[in-house]
Amino acid sequence: MSWRDALLAAVDDRLHQPYRLPSMPETSDLLARLRAAGLAAVLSGSGPTVLALAVDQDQAALARTCTGSDFSVFDLPVDRDGARVELVVG
């Protein structure tokens, strides 16, 4: 299994999403389109926000084409440094 397939499998929420998505048909359709395109995507929070994890620019472009005009797309950068501790001397 490739790491892309592993990421897609890792975000397959079988506990909460099946119960929440029927109340959001447009979001459910978007999520299905993203996942069918091979993108790791999940319902974010209680919805209707969807999080798609694009691993490169090609996947980011594919995610944009899946959304249509009913959704807004925000490209968010990944913080590659993580948490940092700084000593502040006053």
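Predicted model only: the values in this text are computed from it and were never measured.

Criteria and thresholds
Residues numbered from 1 in each chain as written. Predicted model: local features only at pLDDT ≥ 70, side-chain atom pairs only at ≥ 80, totals over all residues. Heavy atoms only, no water. Helix = DSSP H or I, 4+ residues; strand = E, 2+ residues; numbered from the N terminus. Contact = heavy atoms within 4.5 Å. Salt bridge = Lys/Arg side-chain N within 4 Å of Asp/Glu carboxyl O. Polar contact = N/O pair within 3.5 Å; in protein donor to acceptor, adjacent residues only side chain to side chain. Expected span 1.5 Å × (residues − 1). Buried < 20%, exposed > 50% of the residue type's maximum accessible area, 1.4 Å probe, protein only. Pairing = 2+ DSSP bridges.

Draft legend 1. Region of interest: the side chain of Thr 67. In this fold, Thr 67 is placed in helix α4 (residues 57–67). Not counting the four nearest positions on each side in its chain, Thr 67 is found in contact with Leu 30, Arg 33 and Val 73.

Draft legend 2. Structural detail: the pattern of salt bridges. Scanning all chains against the criterion turns up five salt bridges. The closest approach of N and O atoms between Arg 4 and Asp 56, which form a salt bridge, is 2.7 Å. On the criterion of sequence distance, the pair formed by Arg 4 in helix α1 (residues 3–10) and Asp 56 in the loop between β2 (50–53) and α4 is long-range, its members being 52 residues apart. Put simply, Arg 64 and Asp 75 hold a salt bridge, and the shortest N to O gap is 2.8 Å. Of this pair, Arg 64 sits in helix α4 while Asp 75 sits in the segment after α4, placing them 11 residues apart in sequence.

Draft legend 3. Examining the environment of Asp 13 more closely. Residue position: Asp 13 is located in the loop between α1 and α2 (17–20). With 71 residues separating them in the primary sequence, Asp 13 and Arg 84 have C-alpha atoms 31 Å apart. Those residues in contact with Asp 13, other than ones at most four positions away along the chain, are Pro 18 and Arg 20. Side-chain polar atoms of Asp 13 contact the backbone nitrogen of Leu 15, separated by 2.9 Å.

Draft legend 4. Representation of helix α3 (residues 25–36) in the model. Helix length check: α3, at 12 residues, gives a terminal C-alpha distance of 16 Å against a target of 16 Å (1.5 Å per residue), a fit within 8%. Residues of α3 that are buried make contact with α2, β1 (40–43), β2 and α4. Backbone geometry just after α3 places Gly 38 at a positive phi near 90 degrees.

Draft legend 5. Quick look at the pairing of β1. Neither face of β1 is open: one carries Ala 40 and Val 42, the other Ala 41 and Leu 43, and all of them are buried. Across four bridges, β1 lies against β2 in antiparallel orientation. By the bridge assignment for β2, Leu 43 is matched with Val 50. In this antiparallel pair of consecutive strands, β1 and β2, the connection spans six residues, and Gly 45 shows a positive phi of 65 degrees.

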